[in-house]
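A structural walkthrough
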Amino acid sequence: MIGKRVLVRTRSAGVHFGELVSKNGMEVHLKNGYRLWSWNGALSLSSVATKGVTLGSSKIDGPVEEINLPESIEIILIGEKSNLPC
């Protein structure tokens, strides 16, 4: 998945998405990263990644140029139909 848009659920830092730069064990490095605080229009993170969210009522912060996430527990490829802005 290196170089692709992914959604990452972490153990203690919430949900982030962006372009996957590297992965080493549980550590994930993203560029053009966003934090997903809350979402509407999708039931699960799998749906967020494949279909997107209702942008007007979801809370997305960012982008940040780069972010390192040391405790990732789930990485989902973002589909072409998703409207996430990375």
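My aim in this report is to walk through the structure given alongside it, one point at a time. Because the structure is a prediction, the values reported are computed rather than measured. Residues take numbers from 1 onward in each chain, read along the sequence in its written order. Only residues with pLDDT of at least 70 get local features here, since the model is predicted, and only at 80 or more are side-chain atom pairs given and counted; chain-wide, interface and lining totals rely on the full set of residues. Side-chain measures here rest on the full set of heavy atoms in the structure, leaving out hydrogens and waters.

Here's the deal with the side chain of Ser72
Elements are defined by DSSP. Helices are runs of H or I of four residues or more, strands are runs of E of two residues or more, and each kind is numbered from the N terminus. Residue placement: Ser72 occurs in strand E5 (residues 72-77). A 1.4 Å probe rolled over the protein chains alone gives each residue an accessible area, and that area as a share of the maximum for its type sets the label: buried under 20%, exposed over 50%, partly exposed in between. Its relative accessible area of 6% is what places Ser72 among the buried residues. Side-chain polar atoms of Ser72 contact the backbone oxygen of Met26, separated by 2.7 Å. By definition, residues are in contact when any of their heavy atoms lie within 4.5 Å. Residues within four places of Ser72 in sequence aside, it is in contact with Val8, Arg9, Thr10, Met26, Glu27 and Val28. Identification of polar contacts relies on pairs of N or O atoms within 3.5 Å, with a donor-acceptor requirement for protein atoms, meaning one able to donate a hydrogen and the other able to accept it, and with residues adjacent in sequence counted only if both atoms are side-chain atoms.

Let's talk about unusual backbone geometry
Here the bond from Gly62 into Pro63 is cis, since omega is 5°, no more than 30 degrees from zero. As for its position among the elements, Pro63 is in strand E4 (residues 59-69).

Some thoughts on the environment of Met1
Looking at the secondary structure, you find Met1 in the segment before strand E1 (5-10). Measuring from C-alpha to C-alpha, the distance between Met1 and Thr54 comes to 25 Å, with 53 residues separating the pair along the chain.

Some details on the packing of aromatic side chains
Here a ring pair, both rings aromatic, is described through the centre-centre distance and the interplanar angle of the planes. Pairing of aromatic rings covers Phe, Tyr and Trp, the last through its six-membered ring, and needs centres within 6.5 Å; plane angles under 30 degrees mean stacked, over 60 mean edge-to-face, and all others mean tilted. Tallying each qualifying case throughout the model produces one aromatic pair. Ring plane angle 5° and centroid distance 5.1 Å describe the contact between Phe17 and Tyr34, whose orientation is recorded as stacked. Highlighted residues: Phe17 in strand E2 (residues 15-24) and Tyr34 in strand E3 (residues 27-38), separated in sequence by 17 residues. Judged by its relative accessible area of 0%, Phe17 falls in the buried class.

Quick notes on the side chain of Ser47
Mapped onto the fold, Ser47 is located in helix H1 (residues 45-51). When residues no more than four places from it in sequence are discounted, the contact partners of Ser47 are Ala42 and Gly52.

Some thoughts on the nonpolar core
Within soluble globular proteins, side chains that are nonpolar generally end up buried alongside one another. In plain words, nonpolar cores are sets of buried Ala, Val, Leu, Ile, Met, Phe, Trp, Tyr and Cys residues tied together by side-chain atoms within 4.5 Å. Counting residues in hydrophobic clusters, the biggest one holds 13 residues, and the most contacted among them are Leu7, Phe17, Leu45, Val48 and Leu84. Those elements giving two or more residues to this core turn out to be E2, E3 and H1. The greatest single-element share of this core, amounting to three residues, is contributed by H1. Ranked by size, the runner-up nonpolar core spans seven residues in total, among them Val6, Val8, Val28 and Ile67.

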